[in-house]
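# What the coordinates show
The chain contents come next:
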Amino acid sequence: MRVIPQFVEALAPGARLAVLSSRMGAIGPRTQSGGWLYRASKAALNSVLKDVSLALGDRAVCAAFHPGWVQTDMGGAEADLTPERSVADLRASIARLQPADTGGFFDHDGSPIPW
């Protein structure tokens with residue numbers, strides 16, 4: 001997040017700024033405890049992203065994304081998505097972002113996630 005002020009002036013018109021977050025950073029829909037520090041770090045990331053979206057206004061569409069449950073060391077072999085599928089979904093979702101989406105939190109497929 002500290003890097004953002006360094007490249008703001010270089011943003012092209014219609015720029016998109018996406019951060020990789022996690023559904024675990026959502027506070028409202030939470031139904032169980034666990035992973036407190038990880039959750040807190042993702043909630044903080046989402047908060048900063050929202051602030052950046054307000055600061056940048058119409059200079060860029062800013063959004064946070066949950067990559068899905070991905071077959072990585074963290075997600076494990078039983079996870080729903082391959083890394084390739086997650087990345088393809090994220091790329092397509094980022095490409096579809098519209099100005100009205102700025103400050104939003106989305107799943108890998110572009111579905112909104114409540115804060």
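Residues numbered from 1 in each chain as written. Predicted model: local features only at pLDDT ≥ 70, side-chain atom pairs only at ≥ 80, totals over all residues. Heavy atoms only, no water.

### Points about the pattern of salt bridges
Counted by the stated rule, this structure contains 3 salt bridges. A salt bridge links Asp 107 to Arg 23; the nearest nitrogen and oxygen atoms lie 2.7 Å apart. Pair noted here: Asp 107 is in strand β3 (residues 104-107) and Arg 23 is in the loop between β1 (15-20) and α2 (36-56), with a separation of 84 residues, a long-range link. Looking at Arg 23, the relative accessible area reads 38%, which means it is partly exposed. Arg 85 is paired through a salt bridge with Asp 89; the nearest N and O atoms lie 3.0 Å apart. Within this pair, Arg 85 and its partner Asp 89 are both found in helix α3 (residues 83-95), separated by 4 residues, close to a single helical turn. Owing to a relative accessible area of 42%, Arg 85 belongs among the partly exposed residues under this scheme. (Salt bridge = Lys/Arg side-chain N within 4 Å of Asp/Glu carboxyl O. Helix = DSSP H or I, 4+ residues; strand = E, 2+ residues; numbered from the N terminus. Buried < 20%, exposed > 50% of the residue type's maximum accessible area, 1.4 Å probe, protein only.)

### Some remarks on the sheet that holds strand β2 (residues 60-66)
Read across the open sheet, the 3 strands follow the order β1-β2-β3; overall the sheet is parallel. Each edge of the sheet is formed by a strand with only one pairing partner; in this case those strands are β1 and β3. When the angles between neighbouring strand axes are averaged without regard to direction, this sheet yields 35°. Where β2 meets β3, 4 bridges bridge the pair, whose relative direction is parallel. Residue pairing for β3: Ala 63 is matched across the bridge by Gly 104. Where α2 meets the sheet, it contacts β1, β2 and β3, and its direction lies at approximately 165° from that of β2. (Pairing = 2+ DSSP bridges. Axes fitted to C-alpha atoms, helices over the stretch in contact; angles between N-to-C directions. Contact = heavy atoms within 4.5 Å.)

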